[in-house]
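Chain by chain, the residues run as shown.
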Amino acid sequence: MRQSPANARPGAADAVNQTAPVAVGPDLTEAERTRILAKAAIFAPPPATLPDGRRDLVGLTREELAAEMVAIGEKPFRAKQLWHWIYHQGVTDFTQMPSIAKPMQGRLAERFVVGRPEATAVQTSTDGTRKFLFRYRDGQQVETVYIPSIDEDRGAVCISTQVGCTLSCTFCHTGTQKLVRNLGAAEIVGQFMGARDSYGEWPSPKDGTARHLSNIVVMGMGEPLYNYENTAKAMRIVMDNEGIALSRRRITLSTSGVVPMMDKCGAELNVNLAVSLHAVTNELRDQIVPLNRKYPIEELLAACRRYPGASNARRITFEYVMLRGVNDSPAEARELVRLLKGLPAKVNLIPFNPWPGSAYKTSTGEAVRAFAEILEAGGYSSPVRRPRGRDISAACGQLKTDSERARRVKADAA
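Residues numbered from 1 in each chain as written. Predicted model: local features only at pLDDT ≥ 70, side-chain atom pairs only at ≥ 80, totals over all residues. Heavy atoms only, no water.

Q: Any chance you could explain the overall build of the protein chain here in plain terms?
A: When helices and strands are counted, the protein chain shows 13 helices and 13 strands. Residue burial in the protein chain is summarised as follows: out of 414 residues, 55% are buried. For the protein chain, long-range pairs separated by at least 24 residues make up 69% of all intrachain contacts whose partners lie at least 6 apart in sequence. As displayed, the protein chain offers around 17900 Å² of accessible surface, 52% of which is attributable to carbon and sulfur atoms. (Helix = DSSP H or I, 4+ residues; strand = E, 2+ residues; numbered from the N terminus. Buried < 20%, exposed > 50% of the residue type's maximum accessible area, 1.4 Å probe, protein only. Contact = heavy atoms within 4.5 Å. Areas by Shrake-Rupley, 256 points an atom, 1.4 Å probe, with all protein chains shown as cover.)

Structure (structure tokens):
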């Protein structure tokens, strides 16, 4: 099963050995972005409106919120008040917003809601990791995970952006679940807000006050760059200084390598970037990360080199799942060092987390240590990620819901 650089198909290793950026014409790149965004629209989320016609205010931009107020005959400043109560205080009931007069509270309740996804199941691991199964109004579900830091009183919320996934990475349990639909901005930011509800972390902590939910990692179910517009809208809401107020340095977006959208993400959001690499030859990556057939390693690394703000103080993270006898040889570690030469980066080595039906095995501890030592000697930090939440299937690559089954049931009913 070994697929090392020495055994790669003719020409594959030579292609990987290119370290110079690959030229991609601006017209071609823009056309590809347009295609990706058009395809995303096919999987658009349902309208954020209840059956009774009330509109969910979560997920609206400041401008959209102001427009809703004007539409009901109110002054735009009401939007600033609501923004504070929704995103700073975490209030979901208009009657609990004392800076708004009671008659106005009633008018708002007739027309709007401040929604949250329903937590249909909450599991807490023996290591403190907590997994939420959130259900949305159309019955679809996603999983969200809070991962507390081992040595600090804080942690990261791992957020999903799609119901299911379209990438079919062979080592990932989520990849066995077909894409059902994209999540809307309200559904994405709502996961973080729902997790905050669980920990009672409202109002938003001020500067200098410790946050338990201190970071967001956009690396749950789905490929965020295939749902870019909704993901970007949600992250702008999260970063707004008068609400949740997480800095862009506290947000990491993970992609399997949707190259045209990486440039757009860097230009518009400039959050931290994590790249799911997992192989050092196109031949192997084509197999385990099929997206590589469209955006091969050399194009992916060129996009990483273009990513704004990449520096030794703000390194790009490369995720590398360790698969026994597949991608964990010393030769592949040396090739990874060569590929990353000159790029401010660190490599997270992820022991494979088994799931039912998977053909892969976790690399031995000896193989992982040897791999890490080669990367460290090459100048790249290579922490071995400690599996978290394995006992509740909350570890990396283990997230999966019953949404595919729910989709079939819905289709049968129709």
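Q: Please explain helix α3 (residues 62-71) as it appears in this structure.
A: Since the α-helix packs 3.6 residues into each turn, any two residues three or four apart lie on the same face. Every buried residue of α3 is accounted for by L65, A66 and M69. Axial view of α3: buried residues confined to an arc of 100 degrees, hence all on one face. Summarising the geometry of α3, the exposed residues directed more than 90 degrees from the buried face are E63 and A71. Close packing links the buried residues of α3 with α4 (77-88), α5 (102-111) and β2 (112-113). A positive phi of about 85 degrees marks G73, the residue just after α3. (Arc of directions from axis to C-beta.)

Q: Help me understand the nonpolar core in this model?
A: One recurring pattern in soluble globular proteins is that nonpolar side chains are buried together. Counting 110 residues, the largest nonpolar core has L82, F171 and F318 as the members making the most contacts within it. The contact partners of F318, leaving out residues within four places of it in the chain, are V275, L277, L301, C304, L340, L343, A345, K346, V347 and N348. (Core = buried A, V, L, I, M, F, W, Y, C linked by side-chain atoms within 4.5 Å.)

Q: Explanation requested: empty space enclosed by the protein in the structure shown.
A: Space left empty within the atom packing is revealed by a probe, the size of a water molecule, rolled over the atoms. Taken as a whole and assessed by the stated rule, the structure comprises 2 cavities of 30 Å³ or more. Of the residues assigned to the lining of the second largest cavity, the class counts are 5 nonpolar, 2 polar and 2 charged. (1 Å grid on protein atoms, 1.4 Å probe; cavity = no way out; pocket = protein on both sides within 12 Å on 5 of 7 lines; lining within 4 Å. Points joined across faces, edges and corners; volume = space filled by probe spheres on them. Nonpolar A, V, L, I, M, F, W, Y, C, P; charged D, E, K, R; others polar.)

Q: What's the story with the packing of helix α8 (residues 259-268) against helix α10 (residues 297-306) in this structure? I'm lost.
A: Helix-helix packing: each pair is described by the crossing angle between the helix axes and the interaxial distance. Running from N to C, α8 and α10 point in directions that differ by 5 degrees, and their axes come no closer than 9 Å. Taken as axis vectors, α8 and α10 run roughly parallel relative to one another. Listed contacts from α10 to V259, M262 and D263 of α8 are E299, L300, A303, C304 and R306. For the contact of α8 with α10, the per-class residue count stands at 5 nonpolar, no polar and 3 charged. (Axes fitted to C-alpha atoms, helices over the stretch in contact; angles between N-to-C directions. Parallel < 35°, antiparallel > 145°, perpendicular 65-115°, else oblique.)

Q: What exactly am I supposed to notice about the pattern of salt bridges here?
A: Any two side chains of opposite charge can pair, given that their charged atoms come close. Enumeration according to the criterion identifies 22 salt bridges in this entry. Between R107 and E74 there is a salt bridge, and its shortest N-O distance comes to 2.8 Å. Separated by 33 residues along the polypeptide, R107 in helix α5 and E74 in the loop between α3 and α4 bring together distant segments of the chain. Residue classification places R107 among the partly exposed positions, given a relative accessible area of 28%. A salt bridge links R111 to E110; the nearest nitrogen and oxygen atoms lie 3.6 Å apart. Assessed through its relative accessible area of 33%, R111 is described here as partly exposed. Linked by salt bridges that have partners in common, E32, R35 and K294 make up one network. (Salt bridge = Lys/Arg side-chain N within 4 Å of Asp/Glu carboxyl O.)

Q: Whenever I open this one, the sheet that holds strand β13 (residues 345-351) confuses me. Can you help?
A: One key point about sheets: their strands pair by backbone hydrogen bonds, in either a parallel or an antiparallel sense. Ordered by their spatial adjacency, 9 strands build an open sheet running β3-β4-β5-β6-β9-β10-β11-β12-β13, and the pairing between neighbours is mixed. Only two strands of the sheet have a single neighbouring strand rather than two, namely β3 (118-124) and β13. Taken over all neighbouring pairs, the strand axes of this sheet differ in orientation by 25 degrees on average, direction set aside. Bridge analysis of strand β12 (residues 316-322) against β13 gives 7 bridges, and the strand direction is parallel. When the sheet's bridge partners are listed, I316 is paired in β13 with A345. Packing of helix α12 (residues 365-377) onto the sheet brings it into contact with β12 and β13, and relative to β13 it is tilted by some 180 degrees. (Pairing = 2+ DSSP bridges.)

Q: Explain the packing of aromatic side chains here, please?
A: Note on aromatic pairs: each is described by the distance of the centres and the angle between the planes. Taken as a whole and judged by the stated rule, the model has 5 aromatic pairs. Relative to F134, the ring of F132 has its centre 5.4 Å away and its plane inclined at 5 degrees; by these criteria the two rings are stacked. Residue classification places F132 among the buried positions, given a relative accessible area of 1%. Between the NZ or CZ atom of R62 and the centre of the ring of W83, over which it lies, the distance is 4.8 Å. When the ring centre of W202 is taken as reference, the NZ or CZ atom of R196 above it lies at 4.7 Å. (Phe/Tyr/Trp six-rings, centres within 6.5 Å; stacked < 30°, edge-to-face > 60°. Lys NZ or Arg CZ within 6 Å of the ring centre and 35° of its normal.)

Q: What is the right way to look at the confidence of the model for the protein chain in this model?
A: Atom-level detail of predicted coordinates should not be read off regions where pLDDT is low. Scored by pLDDT, the protein chain has a mean of 88; 86% of the residues are at 70 or more. Low pLDDT (under 50) marks residues 395-399, which in the prediction has 26 contacts with non-local residues, meaning those over four places away or in another chain. Contacts of residues 403-414 to residues separated by more than four positions or lying in other chains number 12 contacts, the stretch itself having pLDDT below 50. (pLDDT = per-residue confidence, 0-100.)

Q: Sorry, what's going on with the pairing of strand β11 (residues 272-276) here?
A: Successive residues of a regular strand alternate their side chains across the two faces of the sheet. Among the 5 residues in β11, 5 count as buried, and that is most of the element. Direction of pairing for strand β10 (residues 251-255) relative to β11: parallel, over a ladder of 4 bridges. By the bridge assignment, T255 is partnered in β11 with V275. Viewed along the sheet, the connection from β10 through α8 into β11 turns out right-handed. Pairing geometry for β11 and β12, over 3 bridges, is parallel. Residue pairing in the sheet places S276 in a bridge with E319 of β12. (Right-handed = clockwise from strand over helix to strand, strands pointing away.)

Q: Explanation requested: the side chain of D56 in the structure shown.
A: Checked against the element boundaries, D56 lands in strand β1 (residues 55-56). Polar side-chain contacts of D56 include one of 3.0 Å to the backbone nitrogen of V58. Looking at D56, its side chain comes within polar contact range of the side chain of R137, at 3.0 Å. (Polar contact = N/O pair within 3.5 Å; in protein donor to acceptor, adjacent residues only side chain to side chain.)

Q: Help me understand the environment of I188 in this model?
A: Mapping I188 onto the fold places it in helix α6 (residues 185-199). Given the relative accessible area of 0%, I188 is considered buried. With 47 residues separating them along the chain, I188 and M235 place their C-alpha atoms 8.7 Å apart. With residues up to four places along the chain from it excluded, the contact list for I188 reads I159, S160, T161, L183, N227, N230, T231, A234 and M235.

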